[in-house]
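Listed below are the residues making up each chain.
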Amino acid sequence: MKRTCTAVVREVGGAAVIELAGEVDGGAAGPLNAAYEQAVTDGPATTLVLDFAAVDYINSTGIALIVSVLARARSERRSVVASGLSAHYREIFDITRLSDFIEVFADLSTAVGQVAGPAA
Amino acid sequence: MTSLRQPASTPGRRLAAFAVASEPGNERLALNQVAAAVASSGLTPARLERLKTAVAEATMNAIEHGNLSQPDVPVDVEVIRRGDDIVVAITDRGGEHQPAGPAEQPDLALKLEGTQRARGWGLFLIRNMVDGLQERNDGQRHTVELTMRGEGDGV
């Protein structure tokens, strides 16, 4: 059964986290773009964390959406990191070279810890 | 929606044959049925994931580029054991066509610059996921054959 993509925005350790769930395909465009808007409107975050821990499918259209988000973020001088990718989708990030532009962390807590840096 | 299909022309021992309607999202039905068909074939989990992605992308191409997303035009899927190899044949009714639109090599740097469209990853993913990719057509039916070889780290 299809699991429609959802994207929830929250701030964790000073980073804007977009928690994705379900299927990142063509249907993810609305939720992902809306989440991006919310993330950059709600605060001055310079780093966005895309968390894929609850994502069970990404197709080529989903890859294109991620490329679009990355392009927009770079044009606005924001960085994008990723967390929670399965081994398979981590491989796809490598093959497509997304991992050259999006640092990939094993899980959200590690990503947020790296983005936020050491506590003062 | 899926339905059983009569035997097609791909040689080998048939593990499954079915069709999906040309509607967005039905690639998930295809990949799930292919995964079930090859469950006992010895594919390693990593290679099964690769095959699933290739099947999904090839089915999407068949739906969109071959059958032009006409729901009443089926995409036929056949799963074959050919020696040690697993072969998945995906057939649309589009005749000769580019299986995934323009055959340009996707270049992420160019996409980020905006000089190449963000889409265009389908065929690239297929080629990188499977050991073999072949196409054939008879002027009306266009078939993509995906092969996972039975060598190396398992099938």
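Basis of the calculations
Residues numbered from 1 in each chain as written. Chains lettered and ligands numbered in written order. Predicted model: local features only at pLDDT ≥ 70, side-chain atom pairs only at ≥ 80, totals over all residues. Helix = DSSP H or I, 4+ residues; strand = E, 2+ residues; numbered from the N terminus. Buried ≥ 20, exposed ≤ 12 C-beta atoms within 10 Å, placed from the backbone. Contact = placed C-beta atoms within 7 Å. Nonpolar A, V, L, I, M, F, W, Y, C, P; charged D, E, K, R; others polar. Arc of directions from axis to C-beta. Pairing = 2+ DSSP bridges. Axes fitted to C-alpha atoms, helices over the stretch in contact; angles between N-to-C directions. Left-handed = near helix turned anticlockwise from the far one by under 90°.

A. How the structure looks around the environment of Phe124(B). Residue and element names in this part refer to chain B. Considering the arrangement of structural elements, one finds Phe124 in helix H4 (residues 122–129). For Phe124, a count of 19 C-beta atoms within 10 Å gives the class partly exposed. C-alpha of Phe124 to C-alpha of Val55: the two residues are 69 residues apart in sequence and 13 Å apart in space.

B. Inspection of the interface of chain B and chain A at higher detail. Contacts between the two partners involve 18 residues from chain B and, on the opposite side, 20 residues from chain A. Elements supplying a minimum of two residues to the side of chain B that touches chain A: helix H2 (45–66), helix H3 (108–113) and H4 of chain B. When grouped by side-chain class, the residues that make up the side of chain B that touches chain A number nine nonpolar, four polar and five charged.

C. Representation of H4(B) within the structure. Those residues of H4(B) not exposed but buried are Gly122(B), Leu123(B), Leu125(B), Ile126(B) and Met129(B). Projected down its long axis, H4(B) shows its buried positions confined to an angular sector of 160°, all on one face. Those residues of H4(B) that are buried are in contact with helix H2 (60–75) of chain A together with H2 and strand E5 (132–137) of chain B.

D. Representation of the pairing of E5(B). All names here are of chain B. A small share of E5 lies buried, amounting to zero of its six residues. Note that E5 and strand E6 (residues 142–148) share six bridges and pair antiparallel. Among the inter-strand pairings, Asn137 is bridged to a residue of E6, identified as His142. Following E5, the chain reverses through four residues before pairing antiparallel with E6; Gly139 in that reversal takes a positive phi of roughly 95°.

E. Spatial organisation of the packing of H2(B) against H4(B). All names here are of chain B. For the pair H2 and H4, the least separation of the axes is 9 Å and the interaxial angle reads 145°. For the pair H2 and H4, the crossing hand works out as left-handed. Across from Arg50, Leu51, Thr53, Ala54, Glu57, Ala58, Met60 and Asn61 in H2, the residues of H4 making contact are Gly122, Leu125, Ile126 and Met129. Broken down by class, the residue content of the contact of H2 with H4 amounts to seven nonpolar, three polar and two charged.

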